[in-house]
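Structure at a glance
These are the residues of each chain, in order.
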Amino acid sequence: MTRRLQTEILVIGGGATGVGIAWDAALRGFDVILVEKRDLTHGTTGRYHGLLHSGGRYVVKDPQSARECIAENRILRRTHPHCIEDTGGFFVVTPEDEGEYPDRFVQACAETGVPCEEIALREAFRREPLLNRRISRVFEVPDGAADSFLATHVTAQAARQAGARILTYHEVTGLLLRGPEGAREVVGARVEDLAGGETLEIHATMTINATGAWAGQIARMAGLTVEVIPGKGVMVAMNHRLVNTVINRCKMPADGDILVPIHTVSVIGTTDVRVPDPEHYGIEPWEVALMLAEGDKLVPGLSRARAVRAWAGVRPLYQEGYTGASREATRQFTLLDHARRDGVQGLLTIIGGKWTTFRLMAEKTVDKACEYLGTRQPCQTATTQVPGAEQGHYWLGHRLHEVEEHELHGDLVCECELVTRAMLENAVYRNPTLTLDDLRRDLRLGMGPCQGGFCTYRAVGILHEMRERAGEAGGEVDRSDWEVAYMQSPAHNRSLPPPSSLPLALSSPNLLLRDFLQERWKGVRPILWGRQLKQEMLDSLIYLSLMNVDHLPDAGLTSPMTAFYEQDAGDVGETEAGV
Amino acid sequence: MFTESWQSVGPSLDECIKCNICTAYCPVAAVTDRFPGPKYAGPQAQRFRENGQPHAPDRSVDYCSGCRVCNEVCPTGVKIAELNARARAQMVAEQGIPLRNRLLGRNELLGKLGSLAPRLANLGLHNHVSRVMAEKVVGIAREAPLPRFSEEGTFGSWMKRTAGERLRSDRKVVYFHGCATMYYEPFVGKATVVVLEHLGYEVIVPPQNCCGLPLLSNGEFGAARRYHEGNLHKLVPYAQQGYEIVGSSTSCTLTLKEEAPELLDMFDEESEELKLAVWDVFEWLRERYRQGELPTDFKPLPMVLPYHPPCQYRAHRVGRPAAELLALIPGLDVRVSTARCCGIAGTYGYKREKYQIGMDVGAELFEFVREQGREVRMTACDSETCRWQLEHGTGLPSRHPIEVLAAAYGLYDLERREPRGV
Amino acid sequence: MREIPDLLVIGAGLSGLMAAYEAAEAGLRVKVIAKGLGSMHWSAGTVDVLGYAAGDKAVSMPLQELEGLQAVAPHHPYVVAGAEAVTEALSRFVALAKELGLPYEGAEEPGRNLWLPSPVGAARPVYLAPQGQRYGDLALAEPIVVVGFEGLRDFYPWVIAENLRKQGHRARGTVLPFALLSERRDANTVQLAQELDELKRVVTLARALKEVVEPGERVGLPALVGLDRHGRAMEVLQEELGTRVFEIPTLPPSVPGMRLYRALRSDLEGRGVEVEIGMEAVGYEAKEENGGFRRLLWVETATSARPLKHRARAFLLATGGLLGGGFDSNHEGRVWERVFDLPLAMPQNREDWFRPKFLDPAGHPVFQGGVSVDREFRPVSPEGKRLFANLWAAGNGLRDCDGIRERSREGIAIVTGIAAARSILVALRREKHVH
Ligand SMILES: Cc1cc2nc3c(=O)[nH]c(=O)nc-3n(C[C@H](O)[C@H](O)[C@H](O)COP(=O)(O)OP(=O)(O)OC[C@H]3O[C@@H](n4cnc5c(N)ncnc54)[C@H](O)[C@@H]3O)c2cc1C
Ligand code: SF4
Ligand code: SF4
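Residues numbered from 1 in each chain as written. Chains lettered and ligands numbered in written order. Predicted model: local features only at pLDDT ≥ 70, side-chain atom pairs only at ≥ 80, totals over all residues. Heavy atoms only, no water.

Okay, unusual backbone geometry next. For the bond from glycine 269 of chain A to threonine 270 of chain A, the omega torsion is -10°, close enough to zero to count as cis. A cis amide bond links proline 252 of chain C to the next residue, proline 253 of chain C, at an omega of 5°. If you check the backbone angles, aspartate 554 of chain A has positive phi at about 65° while not being a glycine. Locating aspartate 554 of chain A in the fold gives a position in the loop between helix H15 (530-546) and helix H16 (562-566). (Helix = DSSP H or I, 4+ residues; strand = E, 2+ residues; numbered from the N terminus.)

Residues and elements named next belong to chain B. Their axes nearest at 10 Å, the elements helix H13 (residues 221-240) and helix H14 (residues 250-264) cross at an angle of 135°. When the axis of H13 is compared with that of H14, the two are oblique. Crossing angle aside, the handedness with which H13 passes H14 is left-handed. For the pair H13 and H14, the contacting residues are Phe221, Ala224, Arg225, His228, Asn231 and Leu235 in the first and Leu256, Ala260, Pro261, Leu263 and Leu264 in the second. Residue classes in the contact of H13 with H14 are distributed as 8 nonpolar, 2 polar and 1 charged. (Axes fitted to C-alpha atoms, helices over the stretch in contact; angles between N-to-C directions. Parallel < 35°, antiparallel > 145°, perpendicular 65-115°, else oblique. Left-handed = near helix turned anticlockwise from the far one by under 90°. Contact = heavy atoms within 4.5 Å. Nonpolar A, V, L, I, M, F, W, Y, C, P; charged D, E, K, R; others polar.)

Taken together, the 62 residues of chain A in the interface contact 58 residues of chain C. Note on chain A versus chain C: buried area summed over both sides is about 5,500 Å², and carbon and sulfur give 61% of it. For chain A, the biggest contributors to the area lost against chain C are Tyr457, Met537 and Leu546 of chain A; these three give 13% of the whole. Linking chain A with chain C are 8 salt bridges. (Buried area = accessible area lost by both parts, 1.4 Å probe. Salt bridge = Lys/Arg side-chain N within 4 Å of Asp/Glu carboxyl O.)

To continue, consider the domain arrangement of chain C. Where interface size is given, it is often the accessible area lost as the parts come together that is meant. All names here are of chain C. The domain boundaries assigned to chain C delineate domain 1 (1-106 + 252-279 + 357-435) and domain 2 (134-248). Distance from the C-alpha centre of domain 1 to the C-alpha centre of domain 2: 31 Å. With 8 residues of domain 1 at the interface, the matching set in domain 2 holds 13 residues. Linking domain 1 to domain 2 there are 3 salt bridges. Linking glutamate 105 and arginine 134 is a salt bridge whose minimum nitrogen-to-oxygen distance equals 3.8 Å. On the surface where domain 1 and domain 2 come into contact, there are 7 residue pairs in polar contact (both at pLDDT 80 or more). (Domains from an automatic or database assignment. Polar contact = N/O pair within 3.5 Å; in protein donor to acceptor, adjacent residues only side chain to side chain.)

A word on the interface of chain B and chain C. In this assembly, 39 residues from chain B lie in contact with 32 residues from chain C. For the pairing of chain B and chain C, the buried interface totals around 3,000 Å² over both sides, and the portion due to carbon and sulfur atoms is 48%. Taken together, chain B and chain C are joined by 3 salt bridges. Note that arginine 320 of chain B is salt-bridged to glutamate 276 of chain C, the shortest N-O span being 3.7 Å. For the side of chain B that touches chain C, a count of residues per class yields 20 nonpolar, 8 polar and 11 charged.

Turning our attention to the site of ligand 3. Residue and element names in this part refer to chain B. Around ligand 3 lies a shell of 14 residues, among which Cys16, Cys19, Asn20, Cys22 and Cys74 are the nearest. Looking at the shell around ligand 3, the elements with two or more residues in it are helix H1 (21-25) and helix H2 (38-46). In terms of residue class, the shell around ligand 3 is made up of 10 nonpolar, 2 polar and 2 charged. (Near = heavy atom within 4 Å.)

Attention shifts here to the packing of aromatic side chains. What the rule picks out here adds up to 23 aromatic pairs over all chains. Geometrically, the ring pair formed by tyrosine 48 of chain A and tryptophan 355 of chain A is tilted, given 5.9 Å between the ring centres and 45° between the ring planes. In this pair, tyrosine 48 of chain A is assigned in the loop between strand S2 (32-35) and strand S3 (51-52) and tryptophan 355 of chain A in the loop between strand S20 (347-352) and helix H9 (358-373), connecting sequence segments 307 residues apart. With 6.3 Å between their ring centres and 70° between their planes, tyrosine 52 of chain C and tryptophan 115 of chain C make a pair best called edge-to-face. (Phe/Tyr/Trp six-rings, centres within 6.5 Å; stacked < 30°, edge-to-face > 60°.)

Residue and element names in this part refer to chain C. In space, the 5 strands of this open sheet follow the order S13-S2-S1-S17-S22, with parallel pairing throughout. Edge positions in the sheet fall to strand S13 (274-277) and strand S22 (391-393), since each has one partner strand and no second. Neighbour to neighbour, the strand axes of the sheet diverge by 20° on average, direction disregarded. Summarising the sheet, strand S17 (residues 314-317) and S22 pair through 3 bridges and their orientation is parallel. Note on S22: the bridge partner recorded for leucine 316 is tryptophan 392. The sheet contacts of helix H1 (residues 14-25) involve strand S1 (7-10), strand S2 (30-34) and S17, and relative to S2 the element is tilted by about 170°. (Pairing = 2+ DSSP bridges.)

This part is about the site of ligand 1. All names here are of chain A. Near ligand 1, the surroundings consist of 35 residues, among which Thr17, Glu36, Thr45, Leu51 and Thr356 are the closest. Contacts to ligand 1 include valine 172, whose backbone N or O atom sits 3.0 Å from a nitrogen atom. A distance of 3.1 Å separates an oxygen atom of ligand 1 from a polar atom in the backbone of tryptophan 355. In the complex, the protein chains occlude 97% of the 1,000 Å² of accessible area that ligand 1 would expose alone. Of all the secondary structure elements, the ones that give two or more residues to the shell around ligand 1 are helix H1 (16-27), strand S10 (170-178), strand S13 (229-238) and strand S18 (307-317). Within the shell around ligand 1, the residues separate by chemical class into 12 nonpolar, 18 polar and 5 charged. (Areas by Shrake-Rupley, 256 points an atom, 1.4 Å probe, with all protein chains shown as cover.)

On to helix H10 (residues 398-405) of chain A. Most of H10 of chain A is tucked away: 6 of the 8 residues are buried. Taken together, the buried positions of H10 of chain A are His398, Arg399, Leu400, Glu402, Val403 and Glu404 of chain A. Those residues of H10 of chain A that are buried are in contact with strand S21 (412-414), strand S22 (419-420), helix H11 (421-429) and helix H12 (436-443) of chain A together with H2 of chain B. (Buried < 20%, exposed > 50% of the residue type's maximum accessible area, 1.4 Å probe, protein only.)

Let us now look at the sheet that holds strand S16 (residues 308-311) of chain C. Residue and element names in this part refer to chain C. The 3 strands are arranged S14-S15-S16 in an open sheet whose pairing can be described as antiparallel. Every interior strand has two partners, whereas the edge strands, strand S14 (281-288) and S16, have only one. Taking each pair of neighbouring strands and ignoring which way they run, the sheet shows an average axis angle of 30°. Sheet topology note: the strand S15 (residues 294-301)/S16 ladder contains 4 bridges and is antiparallel. For glutamate 300, the partnering residue across the bridge sits in S16 and is lysine 309.

What follows deals with the pairing of S15 of chain C. Residues and elements named next belong to chain C. The element S15 is largely enclosed, with a buried count of 6 among its 8 residues. As paired elements, S14 and S15 share 7 bridges and run antiparallel to each other. Within S15, the residue paired with glutamate 288 across the bridge is arginine 294. Where S14 folds back onto S15 in an antiparallel hairpin, the turn is made up of 5 residues, including glycine 291, whose phi is positive at roughly 95°. As consecutive antiparallel partners, S15 and S16 are separated by 6 residues.

Taken as a whole, the largest cavity spans an internal volume of roughly 640 Å³. Contributing to the lining of the largest cavity are 47 residues, with Ala318, Thr319, Gly320, Gly324 and Gly325 of chain C lying nearest its centre. Those elements that place two or more of their residues in the lining of the largest cavity are H15 of chain A together with H1, S2, helix H11 (403-406) and helix H12 (409-430) of chain C. (1 Å grid on protein atoms, 1.4 Å probe; cavity = no way out; pocket = protein on both sides within 12 Å on 5 of 7 lines; lining within 4 Å. Points joined across faces, edges and corners; volume = space filled by probe spheres on them.)

So, in structure tokens, the structure goes:
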């Protein structure tokens, strides 16, 4: 059975860019549907480094990007403050980085308008005691750390409030085409509802391809060629904050030269390697080793600290006609108007850029769409705050503080990352949830040192209990409006009465368990040694010896994510979502 | 303010595998919801604290008593108690120190003041009215077992007075007496001196500072650092000459060896030299015993003696040397307690909001003592504040094991707490 | 001078304590040191001997599986010990447990595994269960009501019941108010168990249970029915309810495991065995002896200042493997034994440590490696040569076993602990050190 939906703008891709477009377009009064094949931020947005760029990284190499970054940095601090931690950033000159670059850097900052101030070494070491003492100069810039999971979710909520429909676990399998060769027109897309098992036809006046590294695949559905340069980047999260300021090497961008403190961890990254496919790639041991070795140059001893997780994302880099190394490709974004470029109407592709510039990319894209659909209202995203903004900037202690003030210690489900039972319940009731991995992105469930060792079981038990109780009430699905603005706040989430029923997707606790255990395993495997290996063994003891989860009923059940978690690229490691 | 470094305390949070063993054994978490337990307050909460944070996110960490049961049972070596102590210091750095904690942290200063007119001071401190006042104004629990100033003069004055009688010998040992011995319990120092002399050692008592522990446990790291530096200055020269430094207070010796350097991040050569020279007196005596140098001319001491190894031994990680040596005394039936903590934990149990917690924690120990029968006349424990708490909780007098040992050598009167004239 | 102990056991897990028990029983002076407390606090408190054999085959008669084991894992600790020693060690444990007042029982038919409900309702293969868990036996016919407590984060009765039903058992779940257990807002299972050491609370709980239990049902509760007075609490519940009550283990900390640990430890202390926790072995001293052996003189533990020496005639390494803290590993792919740097039979390359799936039935190679020992449980070199004249090894740090995957952790600990202690006894007698 095929259901038919109609809209003005269909956005494909639920990453930062796609969601930003949905928000912008809805605010301008368009009728919008967004489809994402998995959960929001399943793509690169959920596997990035976590840095709200000041632009400092690009001042020498890519001044246009730098200008965009600093402008957007200032805007996002106003529109999405609770998704951002104002860590500040240092550009540091290690013994390897001496030479003329630092002076060029200062000069270029001035030229591009990126605020930059050289600070005394004593001051730098006072603020960051673990920093390499052989560093000779330190420049401070307004870098920050950004939670792309939360930012994308609240942006999606803002879009919904403005009238957009956001459909997750909806995969585009084909584009609806009309007209003969030469006068072809894209009029929407065929979409599989992976959770509901339905096929939809979504008809749209304008279809926007915001699938990042997958953009080539979507374009191909219209018979078009878009060469995306997939640049894989590996990141390693260390168990706690080794620094509280973003630390960048003051040199031409290279591998392993940024250490980002985000939430409870610090992340060293990244590599940049061309890969053939944005969906299938592994994490090589040399990549992990390189990150640790480079990390040691910023914070000597980093390689001996505990790593909790590794993941990789693929840069959706695009440069018309470019075939060189991916590190050298531009970080600017490109908007392809396929009517002009290829003579195919009704399709735009937006590609490249950075998380930091997603709003700008969305603005330009919708501007372009307006050329075809007619302008309704000017762009408002630069001045509109997303829900939850009144919380102000994120600070590391906030969860600990709220748990303390409200005496919620006994309600913690994920003890490492301080997720309470009520947070979990609310996230399920108020936002589409299919797997525990979705809750991880929403709440940071299972992202701490034990990597789900304790909370996987608890979350499964609670979700199952919710279903059981909903069943008792015996009513229909009652999912209140999407409400994620305070999703991460222990204080704001109070236990709700059970709704009359819950989505079918949560029906098998055994599947939830297996999926999440495998999902966690993928991301820890590349960094299992020392303390994390010991942890993993305790986790194994819990799930095998104590629970016997490998001999539970329903062994054959799969979710839309099962294959993804189990996919093995034949390497030690695997691609992984999220900071 | 402490500096974060790779040495010991901070990074040890990475060892935690969240296994909950510590939380199952923490005596404070066992009796109150106000303290969320070692795993939570230590390695877990630490991931949410940072240098220069807007404000200290959690205060409940202040309910950790520092007993270190957690450190002992933790299978991975997380320095939980120390993480907690540092978190408290960060709180203190932000919020300032309550007058009460300032007072409790300054044992030495108080001792000096009190010893000027001990009777008056005792009268002033120990009457009901002033205890109620003390509770209301500064928050020192009115029932808490505050010590009494020695009315017989300080330990220092005794050393001076008896200088002519003290043993001279080629074998010398340095004695670190600590504040409690100096001002409140000079008899512990006297017992230590006569025992050391009985082994043939000349006892040197150099000028010394408070070890700084009360300051450390109240989060006053700046002042503690000054004390430790003072001790380095005064004691390291002895260490360099090859003298061993023994102390009769398990907490002072622990502070000199490990607590001060670790909590204050003082890993310099001098601290290391001092650390390697310092011994708890029973740790040192046990070593003599193992070398066959301990006289065993004990007189029988027929009695049942419940003995509580103080929490600091846990951190010394030297076992229970006092129990080992007391077991050598004929007739003495030493019953070693398995209770986790007496509840006083330094100055913890003095505080109004923690007094009851301290008593609840100590209940296990008081119960143990009661179970040893009616004939029990006294208890023993190496640590001064624990002895005061034991006396408070059981109504029985309590002695330092060195007093018991001295008595077994016939050198000391256990009842009157003074050396027997030779 | 004080007599030095005959045996120094390093590690206070089940293998170390069983060895200490066996040696002390035989009259040796024994001392146990350990860095911290171990895996008994994490386990279900049952004695799992062998639940799954090669190819993930469910085992119903573990002792009959030993021959098969020989073929696939010739160095497996059970194979090293031999079938007879395995059987005997297990009966020894049963006798001891009874003496401790913490009886363990097996299936009705001797030698058969029990299948007990896990905290998610899977069937756990267990050889010996503490009496408190015995009536979870899924071979019994009575329907089960699993009773949880509102808000207790470590126990979910409905999941258990649903999975049991899926496996063909009659089961249902229900919850009672948390306040029946405790007035506290934040308490772990151990603290809750301590609350049930109070008789009054048990009686109140029994009354509340009566309201929800239907005739003919047996009652499954989270394993927190008393810590020190567990036996009494269970009796009172069964009496008041007139039906069988059993415990289902929970997430760590494990109350059943802790009961066993405490009972064992205090029994040992009663026998004059010193047990010192918080002492991490960091070094040792040995001297060359004729015959090319090295003889251990002492083991050193870290203190607040200088290392402390522990002399003994014989030494037993029972520190567990990667989990127990006996081994460490680094990102270069090295795994090493921490006290004596004993050679390990273990892939020394990170790429070979794991399989892609977490639940791979073949397990992960890094969890299967360990110390090689000879028939007397003395560590040997890869060439099979004894390394020390007076060092033995026992427990889950031995090679070619995967206690977690096989469900054999406690079996391995008990069997090898006792076997090593016996071997030590023989050796010391031979040396005429024991009178
Ligand atoms: C290693 C790395 C580190 C980075 N670090 C930073 C950083 O620190 N700061 C910064 O500002 N930027 C950073 N970036 C860049 C930034 O992450 C990306 O530019 C940004 O996230 C791209 O967002 P997007 O929405 O365009 O793409 P994506 O997030 O990839 O979104 C595309 C979405 O499309 C979906 N999709 C694909 N096919 C289909 C289909 N057929 N049907 C429906 N949906 C489909 C995917 O599931 C995916 O969710 C980093 C990038 C990488 C690779
Ligand atoms: S030091 Fe004592 S009170 Fe503090 S957390 Fe550890 S066990 Fe608990
Ligand atoms: S005992 Fe140690 S490893 Fe276990 S939870 Fe406590 S601190 Fe962590």
